[in-house]
Each structure stands twice: as C-alpha cells, then as structure tokens.
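Here is what each chain is made of, one letter per residue.
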Amino acid sequence: MTQAPPLTLYLAAPRGFCAGVDRAIKIVEMALQKWGAPVYVRHEIVHNKFVVDGLKALGAIFVEELDEVPDDRPVIFSAHGVPKSVPQAAQARQMVFVDATCPLVSKVHIEAERHHENGLQMVMIGHAGHPETIGTMGQLPPGEVLLVETVADVAHVTPRDPERLAFITQTTLSVDDTVEIVAALKARFPAIIGPHKEDICYATTNRQAAVKAIAHKIDALLVIGAPNSSNSRRLVEVGRANGCSYSQLVQRATDIDWRALTGIRAIGITAGASAPEVLVNEVIDSFRNRFETTVVPVETAQENVEFKVPRILRVAE
Ligand code: 0K2
Ligand code: SF4
C-alpha cells in the first residue's frame with residue numbers, strides 16, 4: 001500500500017456560525033417548540049441548505065414572500081432583515097411573526113432611519129438584489145437610499161444635495177474593497193457622513209482577517225459555505241486577493257475537486273458565518289482519508305458575542 005502524502009491543514013478561526021446566525025436558527029427551533037409545526041420562514045433563515053433542510057425536517061416551511069403564508073400560522077423573518085413593508089403587512093393581517101434579523105443588521109436599519117430624520121439622503125454600499133440590501137433600503141421610502149456596488153459606481157451617484165449625504169453598508173462586505181469605496185465616496189462628496197469605518201460586522205471582519213493570516217502559507221483554500229452566502233463568497237475573494245489563487249467555495253466534502261488538489265502540501269479551511277461546524281469536520285475527515293494530515297489551528301481573534309432571542313419566545317403564553 002502506498003503511503004498517504006503529508007498535508008498541513010491550516011484551520012482558520014474564527015470561522016463558521018456567528019452570533020446572529022446562532023440566534024436566527026434558535027428562533028426557528030424555539031418557535032417550532034412553542035407553536036408546533038408548521039412554522040413558516042420568509043426566505044432561507046440563513047444561507048445554508050444543510051441548516052434549512054434540518055429545520056424543514058422539524059416542520060419549518062420556507063417561502064420567499066409573506067403572501068405564501070396563511071394568516072393563522074406564525075412566520076419568522078430571516079437573519080438578513082426585511083423591508084419595513086413586510087412586518088407592516090404581517091401586522092395588518094394580524095399574524096404572529098418573529099423577526100430573526102441579526103441585531104447588527106437592525107443597527108444599520110436604525111442608523112438609516114436616523115440619517116433620514118436628519119434630512120440626509122443615503123448611499124448604501126452593498127450588493128444589488130441581496131436580501132440584506134433590499135431589507136436595509138426598504139427601511140426608507142424609494143429614492144432615499146442610493147446603491148453603489150463598486151468604486152466605479154461612485155462616479156454615477158446623483159444625490160439630491162451632495163452637502164446632505166450619509167453612507168451605510170451591508171454587514172458582510174469585503175473589508176478591503178469597502179475601504180476603497182468609502183474613500184471614493186469621501187473624495188467625491190467631502191461632506192458625506194457615516195460610521196467610523198463602515199457597518200461590516202465583527203464576524204465578517206474576523207473571518208476575513210483569519211483567512212489573511214493563512215493565505216500566504218497555503219496552496220489552496222476551501223471555504224465551506226453556500227453559493228448565495230455573501231460573507232462566504234467574500235472569504236473566497238479574500239483568499240485570492242491575498243495570494244492563494246486556488247480559492248474555492250464548497251458546500252460540503254462531496255464538492256471538493258480532488259484532482260485539482262493533487263500535489264498540494266498545505267491547505268487552508270474556513271467556513272462562512274452560516275456554515276455549520278459539522279460540515280467543517282466532514283471536510284477535515286475527507287482530507288484525513290486521503291492525506292497524512294496535520295491540523296494546525298490559526299486563531300486570530302476570540303469571539304464571545306451572544307444575542308438574546310426575542311421576548312415572545314422567552315415567555316410562556
Ligand atoms: O452572508 P449573507 O448575508 O449572504 O448571509 P448568510 O450566509 O446567511 O450569513 C448570515 C449573515 C446574515 C446577515 O448578515
Ligand atoms: Fe449578524 Fe454579522 Fe452574523 Fe450577519 S454575519 S448575522 S451581521 S453577526
């Protein structure tokens with residue numbers, strides 16, 4: 001029998017579930033316990049098929065729009081946030097609803113409202129069509145939030161009054177790309193006001209920093225996460241931008257292209273904020289089956305953030 005080739009597996013930390021994802025999943029589980037099945041969830045609670053399938057098995061029904069939910073069943077709004085019109089419609093139909101929007105996304109919603117009350121128009125740095133961007137822009141009337149996705153977009157922004165402008169961001173952007181977009185906004189609109197840096201959350205920032213710490217040591221990076229997970233896709237880009245040209249998103253071990261990994265000596269593994277640790281372990285085990293694997297954890301920050309579930313789930317009826 002030929003000996004398995006040696007491999008160093010750098011395991012990035014922090015990785016995987018953040019406090020907002022943890023809370024959102026807990027909200028669905030607790031809602032199912034409290035009200036029984038079915039409980040409806042508007043949009044994937046977090047962008048991960050494994051998580052969604054697990055909750056479906058417990059009796060959750062996932063839909064894209066509130067219209068698809070019957071009046072008499074509870075509905076949960078996903079971690080990414082919803083436009084104001086959604087809870088308003090639920091209220092009008094006297095539905096029981098629980099908002100699983102991450103408190104760090106809600107913080108941006110509040111920031112947007114505050115700027116609006118102060119008479120400022122806003123530029124949002126975010127990805128068009130992403131549910132968080134739709135939700136955040138939907139906190140205000142149409143036209144009050146202008147979207148930019150890239151530095152190039154900044155040149156085309158046409159505000160009502162360039163002197164009365166603020167910016168906000170999606171929470172899961174690339175930290176480095178956003179620095180450049182903010183700089184372009186400040187150069188074009190010197191009076192623009194905004195957060196100290198941007199609104200990218202601690203979890204996004206920490207997972208990107210951990211990838212940067214291993215990117216130069218590895219021949220390949222695998223990011224465990226879903227194709228529709230913005231923060232996971234950003235980790236792939238961070239790997240590439242920091243010198244690891246083979247940087248790939250995999251949903252789980254069966255997605256790994258082993259042929260592309262022939263001859264590697266060092267691999268990096270991380271996971272997006274919506275990817276469960278069980279899938280990380282599955283990937284590590286699949287490397288152990290093929291290589292003489294030494295796992296080297298690389299921890300660049302410790303996280304101890306926790307968010308409470310909404311009160312409606314904490315009190316007995
Ligand atoms: O990264 P995304 O915003 O696409 O969302 P998920 O992959 O579901 O991760 C959780 C973050 C949700 C809100 O910030
Ligand atoms: Fe909240 Fe950040 Fe997690 Fe999104 S990635 S759910 S903003 S902690």
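What you are looking at is a predicted structure, and each value in this text was computed from that prediction instead of being measured. (Residues numbered from 1 in each chain as written. Chains lettered and ligands numbered in written order. Predicted model: local features only at pLDDT ≥ 70, side-chain atom pairs only at ≥ 80, totals over all residues. Heavy atoms only, no water.)

1. What about the overall build of the protein chain?
Reasoning step 1: Within the protein chain, the regular secondary structure consists of 11 helices and 12 strands.
Reasoning step 2: A compact globule built from 317 residues should have a C-alpha radius of gyration of about 20 Å, and the protein chain, at 21 Å, falls within 12% of that.
Reasoning step 3: Principal axes of the C-alpha set define a box for the protein chain whose edges measure 70 × 55 × 30 Å.
Reasoning step 4: Burial analysis of the protein chain (317 residues in total) assigns 51% to the buried set.
Reasoning step 5: For the protein chain, the accessible area works out to roughly 14800 Å², and carbon and sulfur atoms hold 51% of it.
Reasoning step 6: Each charge class in the protein chain can be summarised by its mean position, and for the 31 positive and 37 negative side chains these summaries are 3 Å apart. (Helix = DSSP H or I, 4+ residues; strand = E, 2+ residues; numbered from the N terminus. Rg over C-alpha atoms; globule rule 2.2 N^0.38 Å. Buried < 20%, exposed > 50% of the residue type's maximum accessible area, 1.4 Å probe, protein only. Areas by Shrake-Rupley, 256 points an atom, 1.4 Å probe, with all protein chains shown as cover. Lys, Arg positive; Asp, Glu negative; His and termini not counted. Charge placed at Lys NZ, Arg CZ, Asp CG, Glu CD.)

2. So, the environment of G59
Reasoning step 1: By the element assignment, G59 lies in the loop between α2 (49–58) and β3 (60–63).
Reasoning step 2: Taking relative accessible area as the criterion, G59 reaches 17% and is therefore assigned buried.
Reasoning step 3: Residues G59 and I110 lie 51 residues apart in sequence; the distance between their C-alpha atoms is 33 Å.

3. A word on the sheet that holds β3
Reasoning step 1: Read across the open sheet, the four strands follow the order β3-β2-β4-β5; overall the sheet is parallel. Each of the sheet's edge strands pairs with one partner strand only, and the pair in question is β3 and β5 (97–99). Across the sheet, the mean angle from the axis of one strand to that of its neighbour is 25°, orientation sign disregarded.
Reasoning step 2: Against the sheet, helix α1 (residues 19–35) contacts β2 (39–42), β3, β4 (75–77) and β5, and its axis sits at roughly 160° relative to β5. (Pairing = 2+ DSSP bridges. Axes fitted to C-alpha atoms, helices over the stretch in contact; angles between N-to-C directions. Contact = heavy atoms within 4.5 Å.)

4. Digging into the site of ligand 2
Reasoning step 1: With respect to spatial proximity, the complete set of residues near ligand 2 consists of C18, G20, C102, L104, V105, T171, C201 and Y202.
Reasoning step 2: Residue composition of the shell around ligand 2, by class: six nonpolar, two polar and no charged. (Near = heavy atom within 4 Å. Nonpolar A, V, L, I, M, F, W, Y, C, P; charged D, E, K, R; others polar.)

5. So, the site of ligand 1
Reasoning step 1: The local shell around ligand 1 holds 15 residues, among which H47, S229, S230, N231 and S274 are the closest.
Reasoning step 2: In the model, an oxygen atom of ligand 1 is placed 3.5 Å from a nitrogen or oxygen of the N228 main chain.
Reasoning step 3: Here an oxygen atom of ligand 1 and a side-chain polar atom of S274 are 2.6 Å apart.
Reasoning step 4: If ligand 1 stood free it would expose 370 Å²; the protein chains cover 95% of that surface. (Polar contact = N/O pair within 3.5 Å; in protein donor to acceptor, adjacent residues only side chain to side chain.)

6. A look at the side chain of S274
Reasoning step 1: Topologically, S274 is positioned in the loop between β11 (266–271) and α10 (277–290).
Reasoning step 2: A distance of 3.5 Å separates a polar side-chain atom of S274 from the backbone oxygen of H47.
Reasoning step 3: Setting aside its immediate chain neighbours within four residues, S274 contacts F17, V21, V46, H47, N48, V51, S229, N231 and S232.

7. Focus on the sheet that holds strand β8 (residues 165–169)
Reasoning step 1: Within the open sheet, the three strands sit side by side as β7-β6-β8. Their pairing is parallel. What marks the edges here is a single partner per strand, and that holds for β7 (145–148) and β8. Each adjacent strand pair in this sheet contributes to an overall mean axis angle of 30°, direction not counted.
Reasoning step 2: Pairing analysis gives four bridges linking strand β6 (residues 121–125) to β7, with the strands arranged parallel. When the bridges of β7 are listed, V123 appears paired with L146.
Reasoning step 3: Those strands touched by helix α4 (residues 103–117) are β6 and β8, and its axis lies near 170° from that of β8.
Reasoning step 4: Sheet strands in contact with helix α7 (residues 175–188) are β6, β7 and β8, and its direction is about 150° off that of β6.

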